[in-house]
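Geometric and topological summary
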Amino acid sequence: MVLGIMVSKQCNFHCRHCMVDSSHEYSWIEDAVLEKFFEMLEYGCPDEVYILGGEPFLHINEIENMVARIQRYCRKIVIFTNGSFLMNQKLSDRVKALHVTIRISDDRFHREFWTNKFKEKLISSDYWVVSKDASEDMIPVGRAYEEFKHLKYNMGCSLLTGRYDKEFYPNAERYMVMMDGSVNLYCATIEGSLANVFEDKKITYDLLVEREKIFHNYLMKEVIHCQEDTYMGKMCNLCSKYKITEDAIFLNGKKVADTQDYRNFEV
Ligand code: SF4
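These lines cover the structure that appears in this document, whether it is placed above or below. (Residues numbered from 1 in each chain as written. Predicted model: local features only at pLDDT ≥ 70, side-chain atom pairs only at ≥ 80, totals over all residues. Heavy atoms only, no water.)

The subject of this paragraph is the nonpolar core. Ranked by internal contacts, the top residues of the largest apolar core, which has 52 residues, are Phe37, Ile51, Met66, Ile70 and Ile79. No other element matches the 6 residues that helix α1 (residues 31-43) contributes to this core. Excluding its chain neighbours within four sequence positions, the residues that come into contact with Ile70 are Phe37, Phe38, Leu41, Val49, Ile51 and Ile77. (Core = buried A, V, L, I, M, F, W, Y, C linked by side-chain atoms within 4.5 Å. Buried < 20%, exposed > 50% of the residue type's maximum accessible area, 1.4 Å probe, protein only. Helix = DSSP H or I, 4+ residues; strand = E, 2+ residues; numbered from the N terminus. Contact = heavy atoms within 4.5 Å.)

Okay, here's the thing in structure tokens:
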């Protein structure tokens, strides 16, 4: 399982596909939510911890403290960044000293903010740069969703892959602690948060531990019942890999599960 945490909505970029509606204004997660996240870590170590923003490295002091604490429970930490820290040598040195995986996004939306100097820095860095070339479909969700929805993009669903497609997404069970303290299912494909898996329920440790039988069934029920005009509905209806009909779930035209099992499931 991957447990992620969104630490800030502050960003020095303003990508059109931004999922989190980032802005240049100061933003950092509340202590109470952070503590909740650490309590979850203490209880059960995930395979990986992801830290996302906004641009996390606008808050390097806080990130250093967080990483030191997370490393007591989990050795594999991935920080998602736009890479702009590379332009500042001191900051760059501090990021390097974290000894975590740095994942830099490279796609047509992020590139709108790149300078030539930045490109040089990026090319000479040895970080994990996740590139999507222009021909690849890049789903503009977030603030760009309205602009692009007529294109009817299709995409894969990691909600289902968590159970049926481990080959492709070994860590498809992704949960994200959002800044409001909700714990959301996080789609591995679109890298977007889909739904608060606990709705009004309190986040309990038991729910985390029982995730295989509770999360999955609960979430499946959510997907099956989601309305097109809800956020989750919008996102899940973009799915090409899996199709959910009234009766069944299909992968590449092949039935992989009945929806019936999920319909009446009560958490
Ligand atoms: S770099 Fe990331 S957080 Fe910042 S605007 Fe772009 S997508 Fe949003």
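With that settled, consider the site of the ligand. In the vicinity of the ligand there are 11 residues, among which Cys11, Cys15, Cys18, Ser22 and His110 approach most closely. Its residues assigned to classes, the shell around the ligand shows 4 nonpolar, 6 polar and 1 charged. (Near = heavy atom within 4 Å. Nonpolar A, V, L, I, M, F, W, Y, C, P; charged D, E, K, R; others polar.)

Applying the stated criterion across every chain, the model contains 6 aromatic pairs. Taking the centre distance of 5.3 Å and the plane angle of 65 degrees together, the rings of Phe37 and Phe38 count as edge-to-face. Each member of the pair, Phe37 as well as Phe38, is classed as buried. Here the aromatic residues Phe57, Phe85 and Tyr127 are joined through ring pairs into a cluster of three or more. Between Arg69 and the ring centre of Phe38, over which it is positioned, the NZ or CZ distance is 3.9 Å. The aromatic ring of Trp128 is capped on one face by Arg103, whose charged end is 5.7 Å from the ring centroid. (Phe/Tyr/Trp six-rings, centres within 6.5 Å; stacked < 30°, edge-to-face > 60°. Lys NZ or Arg CZ within 6 Å of the ring centre and 35° of its normal.)

Attention now moves to the pattern of salt bridges. The full count for this structure, using the stated rule, is 5 salt bridges. A salt bridge links Glu64 to Arg94, with the nearest nitrogen and oxygen atoms 2.8 Å apart. Here Arg94 lies in helix α3 (residues 89-96) and Glu64 lies in helix α2 (residues 60-70), a separation of 30 residues in the sequence. Judged by its relative accessible area of 32%, Arg94 falls in the partly exposed class. The residue Arg111 makes a salt bridge to Asp106 at a minimum N-O spacing of 2.5 Å. (Salt bridge = Lys/Arg side-chain N within 4 Å of Asp/Glu carboxyl O.)

Between two packed helices, both the angle of their axes relative to each other and the distance between the axes serve to describe the pair. Where α2 meets α3, the closest approach of the two axes is 11 Å, and the angle between their N-to-C directions is 10 degrees. When the axis of α2 is compared with that of α3, the two are roughly parallel. In contact with Ile60, Asn61 and Glu64 of α2, α3 contributes Leu91, Arg94 and Val95. Here the residues of the contact of α2 with α3 sort into 3 nonpolar, 1 polar and 2 charged. (Axes fitted to C-alpha atoms, helices over the stretch in contact; angles between N-to-C directions. Parallel < 35°, antiparallel > 145°, perpendicular 65-115°, else oblique.)

Let's shift gears to the side chain of Ser125. Looking at the secondary structure, you find Ser125 in the loop between α5 (116-124) and β5 (128-131). Here Leu122 takes part through its backbone oxygen, which lies 3.0 Å from a polar atom of the side chain of Ser125. (Polar contact = N/O pair within 3.5 Å; in protein donor to acceptor, adjacent residues only side chain to side chain.)

A separate point is the environment of Phe37. Note that Phe37 resides in helix α1. On the accessibility criterion, Phe37 (0% relative accessible area) is buried. In sequence terms Phe37 and Met176 are 139 residues apart; their C-alpha atoms lie 9.5 Å from each other. In contact with Phe37, not counting residues within four places along its chain, are Leu3, Gly4, Ile5, Val49, Met66, Ile70 and Val177.

Structurally, Ser27 is set in the loop between β1 (2-6) and α1. Here the side chain of Ser27 touches Lys9 through a polar contact of 2.8 Å, landing on its backbone nitrogen. In contact with Ser27, not counting residues within four places along its chain, are Val7, Ser8, Lys9, Gln10, His59 and Met179.

Now for the pairing of β1. In terms of burial, β1 is largely enclosed, as 5 of its 5 residues are buried. Burial of β1 is two-sided: the residues Val2, Gly4 and Met6 facing one way and the residues Leu3 and Ile5 facing the other way are all buried. Here β1 runs beside strand β2 (residues 48-52); their pairing, made up of 5 bridges, is parallel. Counted as the bridge partner of Val2 is Glu48 from β2. (Pairing = 2+ DSSP bridges.)

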